[in-house]
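# Overview (structure and organization)
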Amino acid sequence: MSEVTDISVDFAGLKLANPVFTASGTCGYGDELADFTDINALGGFITKSITLKPRKGNPTPRIVETDSGMLNAIGLANIGLEAFIEEKLPILEKISAAVFVNVAGETIDEYVAVTERLADKKAIAGFELNISCPNVDKGGISFGTEPAQVARITSAVKKAAGQKVLMVKLSPAVTDISTIARAAVEAGADALSLVNTFTAMVIDIETAEPVLANKTGGLSGPAIKPIAVYLVNKVYNEVTKGSRIPILGLGGIRSASDAVEFIIAGASAVAVGTANFIEPACAVKIAEGIKKYCRRKNISNIRELAGSLRTGSTNSL
Ligand SMILES: Cc1cc2nc3c(=O)[nH]c(=O)nc-3n(C[C@H](O)[C@H](O)[C@H](O)COP(=O)(O)O)c2cc1C
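What comes next is a walk through the structure. Worth saying up front: this structure is predicted, and the values here are computed from it rather than measured. (Residues numbered from 1 in each chain as written. Predicted model: local features only at pLDDT ≥ 70, side-chain atom pairs only at ≥ 80, totals over all residues. Heavy atoms only, no water.)

Attention now goes to the site of the ligand. Taken together, the neighbourhood of the ligand is formed by 23 residues, with S24, K169, G221, G252 and T274 sitting nearest. Protein burial of the ligand: of its 610 Å² of free accessible surface, 97% is covered by the chains. Here the ligand is seated within the largest pocket. In the shell around the ligand, the residues fall into six nonpolar, 15 polar and two charged. (Near = heavy atom within 4 Å. Areas by Shrake-Rupley, 256 points an atom, 1.4 Å probe, with all protein chains shown as cover. 1 Å grid on protein atoms, 1.4 Å probe; cavity = no way out; pocket = protein on both sides within 12 Å on 5 of 7 lines; lining within 4 Å. Sits in = over half its atoms within 2 Å of the grid points. Nonpolar A, V, L, I, M, F, W, Y, C, P; charged D, E, K, R; others polar.)

Right, let's talk about helix α2 (residues 108–118) for a bit. Every buried residue of α2 is listed here: I108, E110, Y111, V112, V114, T115 and L118. Residues of α2 that are buried sit in contact with α1 (81–92), β7 (98–103), β8 (126–130) and α3 (147–161). (Buried < 20%, exposed > 50% of the residue type's maximum accessible area, 1.4 Å probe, protein only. Helix = DSSP H or I, 4+ residues; strand = E, 2+ residues; numbered from the N terminus. Contact = heavy atoms within 4.5 Å.)

Let us look at the nonpolar core. Core analysis: the largest hydrophobic core is formed by 104 residues, its most contacted members being L194 and I290. Per-element tally for this core: the top contributor is helix α8 (residues 282–296), with eight residues. Beyond its immediate stretch of four places on either side in the chain, L194 contacts L170, I177, L231, V232, V235, I247, L248, G249 and L250. (Core = buried A, V, L, I, M, F, W, Y, C linked by side-chain atoms within 4.5 Å.)

Two elements in contact, α3 and helix α4 (residues 177–186), have axes separated by 8 Å at closest approach and are oriented at 30 degrees. When the axis of α3 is compared with that of α4, the two are roughly parallel. Helix-helix and strand crossings are classified by hand; for α3 and α4 the assignment is right-handed. The residues of α4 that touch α3, namely those facing P147, V150, A151 and T154, are T179, I180, A183 and A184. For the contact of α3 with α4, the class distribution of residues is six nonpolar, two polar and no charged. (Axes fitted to C-alpha atoms, helices over the stretch in contact; angles between N-to-C directions. Parallel < 35°, antiparallel > 145°, perpendicular 65-115°, else oblique. Left-handed = near helix turned anticlockwise from the far one by under 90°.)

Further remarks concern the sheet that holds strand β6 (residues 69–72). What the four strands build is an open sheet, ordered β5-β6-β14-β11; its pairing is antiparallel. Since the sheet does not close on itself, it has two edges, and those belong to β5 (63–66) and β11 (198–200), each with one partner. On average, each strand axis in the sheet is inclined to that of its neighbour by 35 degrees, with strand direction left out of account. Bridge count for β6 against strand β14 (residues 217–220) is three bridges, and the pairing is antiparallel. Counted as the bridge partner of N72 is G218 from β14. (Pairing = 2+ DSSP bridges.)

With that settled, consider the pattern of salt bridges. Taken as a whole and assessed by the stated rule, the structure comprises nine salt bridges. Between E82 and R117 there is a salt bridge whose closest N-O contact spans 2.8 Å. Pair noted here: E82 is in helix α1 and R117 is in helix α2, with a separation of 35 residues, a long-range link. What makes E82 partly exposed here is its relative accessible area of 41%. For R117, a relative accessible area of 35% corresponds to the partly exposed category. A salt bridge links E279 to K285, with the shortest nitrogen-to-oxygen separation between them at 2.3 Å. Exposure remark for E279: the relative accessible area of 32% places this residue in the partly exposed category. By relative accessible area, which is 46% here, K285 ends up partly exposed. (Salt bridge = Lys/Arg side-chain N within 4 Å of Asp/Glu carboxyl O.)

With that out of the way, let us pick up unusual backbone geometry. Put simply, T60 and P61 share a cis peptide bond, and its omega is -5 degrees. Within the element layout of this structure, P61 appears in the loop between β4 (44–46) and β5. With an omega of 20 degrees, the peptide bond between L194 and V195 qualifies as cis. The residue V195 is located in the loop between β10 (191–194) and β11 in this model. Of note in the backbone geometry, A208 takes a positive phi value of approximately 60 degrees without being a glycine. For A208, the position within the fold is in the loop between β12 (203–204) and β13 (209–210). Overall, the relative accessible area of 63% leaves A208 in the exposed class. Although it is not a glycine, N298 sits at a positive phi angle of roughly 60 degrees. Inspection of the secondary structure puts N298 in the segment after α8. For N298, a relative accessible area of 46% corresponds to the partly exposed category.

Spelled out as structure tokens, the structure:
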């Protein structure tokens, strides 16, 4: 057994107590979870997407459960930038976990305006650029599927972010995620997060209509985990390996072993989303479980684990 087990991570220059974040849109702005879990025991916290003006989001129903997952078509409902600064920032100031504000918008100017206004706020460690939301007509995923567009928005927001870390959140719904990841990194992204949800549909066979009012929604939860692990490994191998750009891996994580899979695949840190709806304290438990795993495997520093996937042996059945 290793005597000291260090699971703290350097994430784009931020020193995190452990590699576990909560994912955007699944924990509000911090106060919603406060009665159920200790956010300070996390490495990082990511807010619900913030836009310049408040948004009501899509009509209901906008959530439906599926086998091993759920579909959501919330449509970036949020309180808007000014209410966020007035009501939520004071709460986030008290959190010791690294706070990332997830930024969304319909135009590049809107993304820039939100980021610029928040760039000097002490409570904020960094921004997560949401160019991968599948549930809105304008903006969202439309910024994240074409490399030139990804480069344009990343470099504009990077300038607006000043000294803060800029993490770009990628969509899995592209032909080659590495091309998109490379465009973001070359345009100045300090970190990448992957993945956002997969566009999907559930049909009510009695009415022959889609269950969601928006018709489609984003699939999340355990159902997507093996695809997300694969995409993290692909981006790690093809884009970030050997560089200083960390990956935040997410998609279906609900246990420490899920999280360890992502880290072995190449993630420096992980985020927990849908699982929070089942067990709000699970992210903290996952951080503890990662530590136990490292102890059991004699890993003294979690850095040894990141990207440690072995592919040398061939399994012939
Ligand atoms: C109800 C719900 C709301 C979400 N809202 C956002 C959001 O506002 N911005 C964003 O970037 N991602 C949002 N996501 C995506 C998650 O952050 C995450 O990328 C995705 O759900 C995959 O992780 P998971 O399987 O652990 O949930 C949302 C997901 C869910 C389930």
